[in-house]
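Residues per chain, in single letters:
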Amino acid sequence: MTTPYPLQFKPEMKERIWGGRALERFGLELPEGAIGEGWMIGDHPNGTTKVMNGELAGLGLDEIRERHGREFFGTKGYAENGRFPLLIKLLDCNDDLSIQVHPTDSYEKLPKGELGKTEMWYVLDAKPGAKIIYGLKEGVDRPALAAAIEEGRVMDCLQEVPVEAGDAFYIPAGTVHALCAGVVVAEIQQNSDTTYRVFDYNRPGLDGKLRELHVEDSLNVTAYEGAGATRMKTDGIGANEWLVIAESPYFVVEKGLVRAPWKLSTTPESFVILVVAEGAGTLSWEGGKQDVKAGECFLLPANLGGYELDGELTVLRSVTP
Ligand code: ZN
């Protein structure tokens, strides 16, 4: 049996037409180009991250799952398709993302083996005046949305919400949404890469052509009565205290402020994902200790047991419920 320790993965960077260079501020190495997504922890055919620290260095999260999944992921730590249940990303939205919506697990036209996508965002940084698109305006039903898409005025149907650093958004499948220019977010989501594009501002993609829209799928999966999306300000947390910022059937995400040594523990039910949102400090466990800083993400095996955070840190902690 391998002694459990906090796993750190080499991010997979993805070029996107709406991306930029902001992830460099976390000390991350970016390839050339407009980098929109850093897949920090992933076990998906479109991006499988590899361990870069300790005894298991070099193994992909898929191989970790096959060899150590039982001990490391915990009794509730699997997705329905047998993979790791979550996908953890950092997003740099240098330009507006397409207006989009994700399906639930039960959408019949999902590709085989693919899951629905419920996600949450924690805003790490936002330029003054930054906003996002978050849900439909009151009373917009399927015929109204279909007509608006057809007539090129879909923006009239959508709610715009101003954002600032520290805001948290819960985006259940079926919620029409878009991140907009000037925000950097940490995203915790179901392990899925299925997005239906409602509108893309008539803008050419990386290859110079208009990107495909998925109008019929979008109309099919949108939750017109609302899918239970919630948003919150997350200030006012005390030192060494957790605040639940998103709760779903797939993940529970809490925000914590580390200001002094803080003893914590994993449970046999679930791994723990730590995303360091701000600051610097240390993470120690039985048999090891390492420095941690903003932009780093860790997968703590379910069988790790006790661990301790110390320093001056804002941390997002995710588990499966
Ligand atoms: Zn999305």
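What counts and what doesn't
- Residues numbered from 1 in each chain as written.
- Predicted model: local features only at pLDDT ≥ 70, side-chain atom pairs only at ≥ 80, totals over all residues.
- Heavy atoms only, no water.
- Helix = DSSP H or I, 4+ residues; strand = E, 2+ residues; numbered from the N terminus.
- Contact = heavy atoms within 4.5 Å.
- Buried < 20%, exposed > 50% of the residue type's maximum accessible area, 1.4 Å probe, protein only.
- Domains from an automatic or database assignment.
- Buried area = accessible area lost by both parts, 1.4 Å probe.
- Salt bridge = Lys/Arg side-chain N within 4 Å of Asp/Glu carboxyl O.
- Polar contact = N/O pair within 3.5 Å; in protein donor to acceptor, adjacent residues only side chain to side chain.
- Nonpolar A, V, L, I, M, F, W, Y, C, P; charged D, E, K, R; others polar.

Some remarks on the side chain of E119
Among the secondary structure elements, E119 is positioned in strand β9 (residues 119–126). For E119, the contacting residues outside a window of four places in its chain are H102, F169, Y170, I171, P172, H177, E187, I188, Q189 and F251.

Some points on the environment of V176
Topologically, V176 is positioned in the loop between β12 (168–171) and β13 (177–179). A relative accessible area of 3% places V176 in the buried class. Sequence spacing of V176 and I99 is 77 residues, and the spatial spacing of their C-alpha atoms is 7.0 Å. The residues contacting V176, other than those within four sequence positions of it, are I99, Q100, V101, I133, Y134, G135, L136, L158 and T222.

A closer look at the domain arrangement of the protein chain
Split by domain assignment, the protein chain resolves into domain 1 (9–233) and domain 2 (242–319). On a C-alpha basis, the centres of domain 1 and domain 2 stand 22 Å from each other. Listed by partner, the interface residues are 32 residues for domain 1 and 31 residues for domain 2. Interface of domain 1 and domain 2: buried area, both sides summed, is about 2,500 Å²; carbon and sulfur atoms make up 73% of it. At the junction of domain 1 with domain 2, the criterion picks out zero salt bridges. The interface formed by domain 1 and domain 2 contains eight residue pairs in polar contact (both at pLDDT 80 or more). Among the secondary structure elements, those contributing two or more residues to the side of domain 1 that touches domain 2 are β3 (35–41), α1 (61–73), β7 (86–93), β9, β12 and β14 (183–190). Partitioned by chemical class, the residues of the side of domain 1 that touches domain 2 number 20 nonpolar, eight polar and four charged.

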